[in-house]
Amino acid sequence: MRTLTLVVNPEAGHGSGRLLTPRLEASLTQAGITPRTILAETAEHAAQACAAAVADGAEGLAVVGGDGMAHIGLNAAAMTDVPVGILPAGTGNDFARSLGIRHWRDGLAAIIGGHTRAIDLTEVTGALYGGGRRFVGCVVSTGFDERVNFRANNAGVDLGALSYLGAVLAELRQFRPLRYRLVIDGRERVLDAMLVAVANAGYFGGGIRIAPRFDLTDGLLDITIVHPVSRGRLLTLFPRLRGRNFVKHPALEYLRATSVVVDAPELHGMADGEPLGRPPLTCTAAPGALRVFGTGDIQRGGSA
């Protein structure tokens, strides 16, 4: 690889994206890779820049920012041969975490190393904001988490996991279980639940392991249903899901499938922490849909 399109959210991580860019450019240049840097002014600008790079046959695409930028980059490159590098500089970085990238230096090393591999994504169709279809790297969430995400995203100050925790506490005061209709590999279920998460990778909310057995190369979706529990019980579950150990609880149901339809009144689905659309949402496993920079040591559920 001789050139790399580098699309940066300069405001990610309270300005970390902007500060990080010169160091990334210098390291890439030293490694013999010419960065073509674009400082995105808006999310729409970032999406246009990533899509244009892929359409022009870029040798590689890298995004600098949080999960929003990762979501933009993977949607631009999904179902193509253009590899994507993830350089985490946000406050959540769940997609990077699922790839085993804990720091931007890890992502940079993967890009410079030049090793790529294919991973799965989730393809979502339905009444999506912006129309068309959407690919999701981490989690399609509905219910309690969707409400929490909306509250956290619209908070005055972004403190990452702390903002998410604050939104959890605020939302608990008014949340009630929702009536869901799920169609899992063709079989319909109607049930009450606090939350239904359809996961490709296992993390959301800045490190919550909502799908503890996820595998980015198994061609399957991981579904987590949180059945109705008291507010206090729900509050105690979330910290446990941030730990290393597999969480077993009567309220938690874990399933695997290749397709899931999620439907419930008054829902607005979220994808990788971004607004997705109105149910019914059809989620389908997309095996090997994205090529990423990285080694074979991509993280799987059950590890930290």
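Enquirer: Would you explain the pairing of strand β3 (residues 61-65) in this entry?
Expert: In terms of burial, β3 is a largely internal element, 5 of the 5 residues being buried. Burial along β3 is two-sided: Leu61, Val63 and Gly65 and Ala62 and Val64, pointing in opposite directions, are all buried. In terms of strand pairing, strand β1 (residues 3-8) meets β3 through 4 bridges, oriented parallel. If you follow threonine 5 over to β3, its bridge partner there is leucine 61. Inspection of the sheet shows β3 paired to strand β4 (residues 84-88) by 5 bridges, in the parallel sense. Pairing of valine 64 across the sheet is with leucine 87, part of β4. Since β3 and β4 lie parallel, the crossover through helix α3 (residues 67-77) that links them has a hand, and here it is right-handed.

Enquirer: Would you explain unusual backbone geometry in this entry?
Expert: Note: most peptide bonds trans; most residues except glycine with negative phi. Across the junction of proline 279 and proline 280, the peptide omega takes the value 5 degrees, indicating a cis bond. By secondary structure assignment, the location of proline 280 is in strand β17 (residues 274-293). With phi around 55 degrees, histidine 14 is a residue other than glycine that occupies positive phi space. Tracing the backbone shows histidine 14 in helix α1 (residues 12-30). Unusually for a residue other than glycine, aspartate 185 sits at a positive phi of about 50 degrees. Within the secondary structure layout, aspartate 185 lies in the loop between β8 (178-184) and β9 (187-193).

Enquirer: I'm lost on the packing of aromatic side chains in this one. Help?
Expert: How two aromatic rings sit relative to each other is set out by the distance from centre to centre and by the angle between their planes. What the rule picks out here adds up to 1 aromatic pair. Taking the centre distance of 6.0 Å and the plane angle of 70 degrees together, the rings of tyrosine 203 and phenylalanine 214 count as edge-to-face. Taken as a pair, tyrosine 203 in strand β11 (residues 203-204) and phenylalanine 214 in the loop between β12 (208-209) and β13 (221-226) lie far apart in primary sequence, 11 residues in all. In this arrangement the basic side chain of arginine 97 is found over the ring face of tyrosine 203, its NZ or CZ atom lying 5.7 Å from the centre.

Thresholds, definitions, all that
Residues numbered from 1 in each chain as written. Predicted model: local features only at pLDDT ≥ 70, side-chain atom pairs only at ≥ 80, totals over all residues. Heavy atoms only, no water. Buried < 20%, exposed > 50% of the residue type's maximum accessible area, 1.4 Å probe, protein only. Helix = DSSP H or I, 4+ residues; strand = E, 2+ residues; numbered from the N terminus. Pairing = 2+ DSSP bridges. Right-handed = clockwise from strand over helix to strand, strands pointing away. Phe/Tyr/Trp six-rings, centres within 6.5 Å; stacked < 30°, edge-to-face > 60°. Lys NZ or Arg CZ within 6 Å of the ring centre and 35° of its normal.

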